[in-house]
Amino acid sequence: MNIVVCVRQVPEVTDAELEINKEGTEILKEDLEMDINEWDNYAVEEAVRIKEEHGGKVTVVTLGDEDCEDVLRTSLAMGADEAILINEEGFELSDAAGIAKGIYRAIRDLSFDLLFTGVQCSDNGWAQVGLILAELLGLPYASLVVGIEINEGTMIVRRELESNTEEKLQIPMPAILTIQTGINSPRYVSIMGIQKVRKIEIRETDSEELGLSEEEIGVKGSHVASQKLSLPPVGEGAEILEGSLDEICEKTAQIVLDKGVI
Amino acid sequence: MEEIVVLAEHRDGELRDITFEMLTIANQLGKENDMAVTALFLGHEASDLSNRLKGACDTILLMEDPELAHYNADHYLMAIETVIKSRNPIVTVIGHTAMGMDLAPVMAARLSLPLVTDCVAVNVVDKKLDVLRQIYGGKINAQLTMKPSDQYLITLRPGSFDAEVEQGKSADTQTVPAPSWTDLKGRQFLGYIEAELKDVDIAAADILVSIGRGIGKPENISLVQDFADSIGATLSCSRPVADEEWLPKSRQVGTSGKTVRPKIYIAFGISGAYQHQAGMKNADTIIAVNTDPRAPIFTIAHYGIVEDMFKVLPLLTEKFAK
Ligand SMILES: Cc1cc2nc3c(=O)[nH]c(=O)nc-3n(C[C@H](O)[C@H](O)[C@H](O)COP(=O)(O)OP(=O)(O)OC[C@H]3O[C@@H](n4cnc5c(N)ncnc54)[C@H](O)[C@@H]3O)c2cc1C
Ligand SMILES: Nc1ncnc2c1ncn2[C@@H]1O[C@H](COP(=O)(O)O)[C@@H](O)[C@H]1O
């Protein structure tokens, strides 16, 4: 069972104070901590588990710049066997279709039974790349996968729908699945673990080698003409309780008591 | 006249809210730009259901086939391809739902359509499409202008438009024959599974104390439990807490969990992603505690506390102990 997993490096944003450049065209990323996209972490774990049960190998692929080697090392430490880095800054302003095109070129000649991506990336949240890959490769697929059971040449997968409901499907292999969080409990990767895989060679490629021209990637190859970024205004919405911690808690208690449900 | 096509969404004989939300914005765009609104309805023995859209669009296109009884990407893709190729609508609208997320990107790639997913606002200016998206977990707004195109495909975030769609139209129904199913990839629908209701029913609680990833580790939950006990509240959570199995899945609030409407909802360390908001924004009173003043939860909370929850919790528990 050979499995390819697409992983993306994303900035950690929940605790971060985000800043945008003056023109409103770019998010300033220098001070942001980078990490593996949450969904991709589950995808790598799932691939490694399937490999451990059925044999074969796991290949991880990322498209980004050379700093993205980190997500590949993390994935290798989790148990992936091989890694490919599409080291190409030209994709900076690509939309999901452009990114999918780059990944497609890098993996189309690999032989695999399964290809996993995350459901979505936490930064742009397109939720598109895995599905576009399915169409480019002409393979069956399922998105939002929360359960996989592999039989001879086919699998039963569970897709997550709304309101605590799931859908059960049968799909032949090879196939593409986009993995939803919660499908497993990803193993923890220590710095020691990453040290251990530092000698594994990462295969590098770029758009030239993949035969992609400047017209096909970046802003030229994107369907988006321009984007204007802004931070939603603070202070719209909730009344922020002010004062000392004690005063705040006192006010909160009063609000709760005033509702008369206790 | 230019046409906007809305893909109606239904499951198990019920129309989904997103169908009406999409029609609301489609009708608004239609009015502003003099475009006709068409609801595309794929199903099996579904004419009664599709008739419920009569008042809210100009045309209903009804395609019926046993293979369309349940959503299956293989058949839906072929069916929609047939319709789009014959009608060439300027905009096709699909929900950013479990169904639409599964369908739209593949459709866009197959038909070479420019696609923007998860839009919360849409405008058409001189046949050019402008959309608003929320990125970086809702902390940044991105206004996108698409390159000029004869056709666009968009998916709309559930809950972004009014589900009480204005009635007053009276659509004709045109039936469209299903294509012969030739280009299938072997995906088979086997059935739905509904999660059993073990544990408590959070939807029945008057007061919910809800925790998110900000709880940090499972050992911290007892602190929140103490507070919840002091006011007789039930504990609920955001998705990561359930994913980590720190609380059972039945406690998860949101699109893929439960929709709740308690009298009081107190959120600790929850950023307020829209999938979470969708499950709790109709609570009577929402109080949010978060260290990040820019957390999206504060846009829907009634009261906000910008503080470390671990400082707030013990003190708050104490207030009620008295
Ligand atoms: C298809 C799909 C379905 C989904 N369904 C759901 C769903 O049903 N329900 C759901 O909740 N999510 C759902 N999600 C996930 C959703 O997108 C978010 O990832 C999730 O809601 C984030 O949870 P969170 O707010 O707990 O975590 P985070 O976004 O990581 O936020 C943690 C917050 O805690 C704050 N914090 C940290 N430490 C402290 C402290 N000491 N004191 C106070 N605050 C602190 C941080 O500032 C931050 O705002 C779904 C996603 C997808 C793609
Ligand atoms: N630059 C990238 N490199 C590798 N994989 C990616 C990249 N961007 C997106 N993906 C994959 O596609 C999934 C969905 O991303 P998106 O469509 O951008 O929301 C992610 O979870 C990744 O698995």
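Residues numbered from 1 in each chain as written. Chains lettered and ligands numbered in written order. Predicted model: local features only at pLDDT ≥ 70, side-chain atom pairs only at ≥ 80, totals over all residues. Heavy atoms only, no water.

A.B. asks: I'm lost on the overall build of chain A in this one. Help?
C.D. replies: When its secondary structure is counted, chain A shows 6 helices and 13 strands. Projected onto its principal axes, the C-alpha positions of chain A cover 65 × 45 × 40 Å. Residues classed as buried in chain A amount to 53% of the 262 residues present. Residue pairs at least 24 apart in sequence account for 70% of intrachain contacts in chain A once pairs closer than 6 positions are excluded. Carbon and sulfur atoms make up 45% of the accessible area of chain A, which totals about 12,000 Å². Across chain A, the mean location of the 22 positive side-chain charges is 5 Å away from that of the 52 negative side-chain charges. (Helix = DSSP H or I, 4+ residues; strand = E, 2+ residues; numbered from the N terminus. Buried < 20%, exposed > 50% of the residue type's maximum accessible area, 1.4 Å probe, protein only. Contact = heavy atoms within 4.5 Å. Areas by Shrake-Rupley, 256 points an atom, 1.4 Å probe, with all protein chains shown as cover. Lys, Arg positive; Asp, Glu negative; His and termini not counted. Charge placed at Lys NZ, Arg CZ, Asp CG, Glu CD.)

A.B. asks: What is the right way to read the environment of B:Asp118 from this model?
C.D. replies: Residues and elements named next belong to chain B. As for its placement among the helices and strands, aspartate 118 is situated in strand β7 (residues 115-125). In sequence terms aspartate 118 and threonine 24 are 94 residues apart; their C-alpha atoms lie 16 Å from each other. Apart from the residues lying within four places of it in its own chain, the contact partners of aspartate 118 are His96, Leu132, Arg133, Thr155, Arg157 and Tyr274. In this structure the side chain of aspartate 118 is engaged in a polar contact, spanning 2.9 Å, whose partner is the side chain of arginine 157. (Polar contact = N/O pair within 3.5 Å; in protein donor to acceptor, adjacent residues only side chain to side chain.)

A.B. asks: Before we go on, may I ask you to explain the site of ligand 2 in this structure?
C.D. replies: All names here are of chain A. As a matter of local geometry, ligand 2 sits amid 19 residues, with Cys6, Asp40, Leu63, Ala127 and Gln128 nearest to it. Between ligand 2 and aspartate 40 there is a distance of 2.4 Å, counted from an oxygen atom to a side-chain nitrogen or oxygen. Between alanine 127 and ligand 2, the recorded distance is 2.8 Å, taken from a backbone N or O atom to an oxygen atom. Burial of ligand 2 by the protein chains amounts to 100% of its free accessible area of 480 Å². Considering every element that reaches the shell around ligand 2, the biggest residue donor is strand β4 (residues 58-64), with 3 residues. Class assignment of the residues belonging to the shell around ligand 2 gives a composition of 10 nonpolar, 7 polar and 2 charged. (Near = heavy atom within 4 Å. Nonpolar A, V, L, I, M, F, W, Y, C, P; charged D, E, K, R; others polar.)

A.B. asks: Hey, could you run me through the interface of chain A and chain B in this one?
C.D. replies: Reports of interface size often rely on the accessible area that becomes lost once the parts have come together. Chain A puts 83 residues into the contact, and the matching count from chain B is 80 residues. Surface buried jointly by chain A and chain B totals about 7,300 Å² across both partners, of which 59% is contributed by carbon and sulfur atoms. Counting the surface chain A buries against chain B, the share from its top three residues, A:Tyr141, A:Glu162 and A:Asn164, is 10%. Notably, a salt bridge pairs A:Asp246 with B:Lys319, separated by 2.8 Å at the nearest N-O pair. (Buried area = accessible area lost by both parts, 1.4 Å probe. Salt bridge = Lys/Arg side-chain N within 4 Å of Asp/Glu carboxyl O.)

A.B. asks: I tried to follow the nonpolar core on my own but got confused; where do I start?
C.D. replies: In globular proteins that are soluble, nonpolar side chains generally tend to be buried together. Counting 55 residues, the largest nonpolar core has B:Leu53, B:Val116, B:Val122, B:Leu129, B:Ile154 and B:Leu156 as the members making the most contacts within it. When residues of this core are assigned to their parent elements, the largest contribution, 7 residues, is made by helix α1 (residues 17-33) of chain B. The contacts of B:Ile154, once residues within four sequence positions are left out, are B:Val91, B:Thr92, B:Val93, B:Ile94, B:Leu115, B:Val116, B:Cys119, B:Val122, B:Leu129 and B:Val131. Formed by 49 residues, the second largest nonpolar core is a distinct cluster that contains A:Tyr104, A:Tyr141, B:Ala108 and B:Leu113. (Core = buried A, V, L, I, M, F, W, Y, C linked by side-chain atoms within 4.5 Å.)

A.B. asks: Help me out: how do you make sense of the packing of helix α6 (residues 245-258) of chain A against helix α9 (residues 309-321) of chain B in this one?
C.D. replies: In helix packing, the relevant descriptors are the interaxial angle and the interaxial distance, both defined with respect to the helix axes. At their nearest, the axes of α6(A) and α9(B) sit 9 Å apart, and the two run at 55° to each other. The orientation of α6(A) relative to α9(B) falls into the category oblique. Of the two possible hands of crossing, α6(A) and α9(B) adopt the one that is right-handed. Across from A:Leu245, A:Asp246, A:Cys249, A:Glu250, A:Thr252, A:Ala253, A:Val256 and A:Leu257 in α6(A), the residues of α9(B) making contact are B:Lys311, B:Val312, B:Leu315, B:Leu316, B:Lys319 and B:Phe320. Broken down by class, the residue content of the contact of α6(A) with α9(B) amounts to 9 nonpolar, 1 polar and 4 charged. (Axes fitted to C-alpha atoms, helices over the stretch in contact; angles between N-to-C directions. Parallel < 35°, antiparallel > 145°, perpendicular 65-115°, else oblique. Left-handed = near helix turned anticlockwise from the far one by under 90°.)

A.B. asks: Where do I start with the packing of aromatic side chains in this structure?
C.D. replies: Under the criterion given, the structure shown has 4 aromatic pairs over all chains. Between B:Phe227 and B:Phe268, the ring centres sit 5.9 Å apart and the planes meet at 85°, which makes this aromatic pair edge-to-face. Here B:Phe227 is found in helix α5 (residues 221-231), whereas its partner B:Phe268 is found in strand β15 (residues 264-268), with 41 residues between them in sequence. The buried category is assigned to B:Phe227, whose relative accessible area is 0%. Taking NZ or CZ as reference, B:Arg133 lies 4.1 Å from the ring centre of A:Trp126, over its face. Sitting over the ring of A:Tyr141, B:Arg187 keeps its end group 5.4 Å from the ring centre. (Phe/Tyr/Trp six-rings, centres within 6.5 Å; stacked < 30°, edge-to-face > 60°. Lys NZ or Arg CZ within 6 Å of the ring centre and 35° of its normal.)

A.B. asks: What am I meant to see in the site of ligand 1 here?
C.D. replies: Neighbouring residues of ligand 1: 33 residues in total, closest B:Arg213, B:Ser238, B:Ser256, B:Ser271 and B:Asn290. Taken together, the residues near ligand 1 originate from chains A and B. Taking B:Val253, its main chain carries an N or O atom lying 2.8 Å from a nitrogen atom of ligand 1. In this structure, a nitrogen atom belonging to ligand 1 sits 2.7 Å away from a side-chain N or O atom of B:Ser256. Protein contacts shield 91% of the accessible area of ligand 1, which totals 980 Å² for the unbound molecule. Elements with a contribution of two residues or more to the shell around ligand 1: α6 (239-243), α7 (274-280) and α9 of chain B. Partitioning the shell around ligand 1 into residue classes produces 8 nonpolar, 18 polar and 7 charged.

A.B. asks: I tried to follow the sheet that holds strand β12 (residues 188-194) of chain B on my own but got confused; where do I start?
C.D. replies: Sheet strands pair by backbone hydrogen bonding; their relative direction is either parallel or antiparallel. A sheet is described by the order of its strands in space; here 10 strands give the open sequence β11(A)-β5(A)-β4(A)-β1(A)-β6(A)-β10(A)-β7(A)-β8(A)-β9(A)-β12(B), paired in mixed fashion. Both edges of this open sheet fall to β11 (202-205) of chain A together with β12 of chain B, since each of them pairs with a single strand only. On average, adjacent strands in this sheet sit at an angle of 30° to one another, irrespective of strand direction. As judged from the 3 bridges shared by strand β1 (residues 3-6) of chain A and strand β6 (residues 114-118) of chain A, these two strands associate in the parallel manner. (Pairing = 2+ DSSP bridges.)

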